[in-house]
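One-letter residues, chain by chain:
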Amino acid sequence: MRLGTFVVLLSIVPSFQLSAQTDARLVEALRLAQNGQVDSGRSVIRRLLTALPATDSVYPQALLAGAKIAPDAATVATNLNRIVLEYGSSPWADDALLLLTQLYFAQRDAAQTIQAAERLRRDYPDSPLRYRADFPAARAYFELKNEGRGCELIQESLAGANAAGEVEFTNQVNFYASRCAGVVTAPPPPVDSAAPAAPKTFAVQVLAVKSAVQVDEMLTRLKVMGFDARVVRDTSGFFKVRVGRYNTREEAQQTQQRLRSRLGGQPFVVEEP
C-alpha cells in the first residue's frame, strides 16, 4: 500500500500530539514540504542524514522528520523502526511508535498495529502518547475478535482523551466504546496480603526539562562517559534523564557520587516501581 506522502498518516495523528522538531534545518525542511515543495524538503533531510554521524543527537530527529514527508509507506516504516531500535532512549522513540501504530492500522495490519502499540505501552509507560496508540490498537483487537483486550484499551484511550480535553477524538473513541457495554474485561489480579511487595528499583535522575535539545545533549554526554542513560517522559511534558536501574539505594548512591564528580550538577536518587 502506498500512502503518497506521510501527510496522509499525519492527518490521523494531529501534529500537536508529537514532539516538535527543534533543529532549525529540520523545521525549514518541513516548512518547505508543507508549502508544497515536498521534494526540496526531502532533499534537505537526505543531505542532513548523509552529513551527520549516526551518533549525533539530531540524527533520530532527522529520521522522524524524514518519515513525516516520506514518499511511500516502506520509507516511513524504515525511518520509524530505526528510531525505535537504534535510538530507543531518545525523546523521539515514543513518537515513532505512535506513528508506526497509525501506519500499520492504515495498512490494515492488525498484528503489527498491536505490536507497536503494546511496545509503546511497555517501554514508555509514562508517555503522554499512550492513549492515542490505544485507540487503533483497540480496533485491531476487535478485528481479531479479542473484545476483552480491545475494550480495556478503548477505556484507557477514552480516559486519556477526556483528560486531554480533545472533544473530537473523544467522540471517535466513544463511538467504539459503545460496543463494550456488557463485555467482561480481564479482572485485575487478586491481591494477596501475605505476598511480599514487588521489589523496587532505584535510578539517578540528572535532568528534567521540556527541551528535547537539552535531553539529546545530555544523553550524548552520558553515553560518552559510559553511563547507561534513558529518558522518562511524564504527562506534564517533562523529559527526565535517568541513569541505571539498581536493586538497592546504596548502588544508586554510588552512581550518584560518580555523576556528581564527573558531570557536576545535583543528580539525585529516585525510587521506581
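Our structure's up above, just so we're on the same page.
Predicted model only: the values in this text are computed from it and were never measured. (Residues numbered from 1 in each chain as written. Predicted model: local features only at pLDDT ≥ 70, side-chain atom pairs only at ≥ 80, totals over all residues. Heavy atoms only, no water.)

*Asks:* I'd love a proper account of the overall build of the protein, names of residues and values included.
*Replies:* The helix and strand inventory of the protein stands at 12 helices and 4 strands. Classification of the 273 residues of the protein by burial places 49% in the buried group. Summed over all atoms, the accessible surface of the protein reaches about 13800 Å², with 54% contributed by carbon and sulfur. (Helix = DSSP H or I, 4+ residues; strand = E, 2+ residues; numbered from the N terminus. Buried < 20%, exposed > 50% of the residue type's maximum accessible area, 1.4 Å probe, protein only. Areas by Shrake-Rupley, 256 points an atom, 1.4 Å probe, with all protein chains shown as cover.)

*Asks:* Describe in detail the layout of surface pockets, supporting the description with residues and values.
*Replies:* There is about 960 Å³ of room inside the largest pocket. Contributions of two or more residues to the lining of the largest pocket are made by α11 (212-225), β2 (229-233), β3 (239-246) and β4 (268-272). Counted by class, the lining of the largest pocket contains 14 nonpolar, 8 polar and 14 charged residues. (1 Å grid on protein atoms, 1.4 Å probe; cavity = no way out; pocket = protein on both sides within 12 Å on 5 of 7 lines; lining within 4 Å. Points joined across faces, edges and corners; volume = space filled by probe spheres on them. Nonpolar A, V, L, I, M, F, W, Y, C, P; charged D, E, K, R; others polar.)

*Asks:* Kindly report on the state of the cysteines, identifying the contributing residues and their values.
*Replies:* Within this structure, the stated rule accounts for 1 disulfide. Between the sulfur atoms of C151 and its disulfide partner C180 the distance amounts to 2.1 Å. The disulfide joining C151 to C180 has a torsion of about -95° about its S-S bond and is therefore left-handed. Linking C151 in helix α9 (residues 147-164) with C180 in the loop between α10 (167-177) and β1 (201-209), this pair joins segments that are 29 residues apart in sequence. (Disulfide = S-S within 2.5 Å.)

*Asks:* Tell me about the nonpolar core, and please be specific about residues and values.
*Replies:* In this structure, L80, L100, V206, L222, V241 and L259 are the most contacted members of the largest nonpolar core, which totals 81 residues. Excluding its chain neighbours within four sequence positions, the residues that come into contact with L100 are A77, L80, N81, V84 and A116. (Core = buried A, V, L, I, M, F, W, Y, C linked by side-chain atoms within 4.5 Å. Contact = heavy atoms within 4.5 Å.)

*Asks:* Talk me through α10; I want residue IDs and the actual numbers.
*Replies:* Within the span of α10, buried status applies to F169, T170, V173 and A177. Buried residues along α10 cover an arc of 100° about the axis, so they all sit on one side. Residues V167, E168 and F175 are exposed on α10 and point more than 90 degrees away from its buried face. Turning to α10, the residues buried within the fold contact α8 (130-143) and α9. (Arc of directions from axis to C-beta.)

*Asks:* For the side chain of D23, give the residues involved together with the corresponding values.
*Replies:* Relative to the assigned elements, D23 resides in the loop between α1 (7-10) and α2 (24-34). Contacts of D23, omitting those with residues within four sequence positions, involve L48, V58 and Q61.

*Asks:* Kindly report on the pairing of β1, identifying the contributing residues and their values.
*Replies:* Burial analysis of β1 places 8 of its 9 residues in the buried class, which makes it a mostly covered element. Examined bridge by bridge, β1 and β4 share 5 bridges and lie antiparallel to one another. Within β4, the position partnered with T201 by the bridge is E272. Where β1 and β3 come together, 6 bridges link them in antiparallel fashion. (Pairing = 2+ DSSP bridges.)

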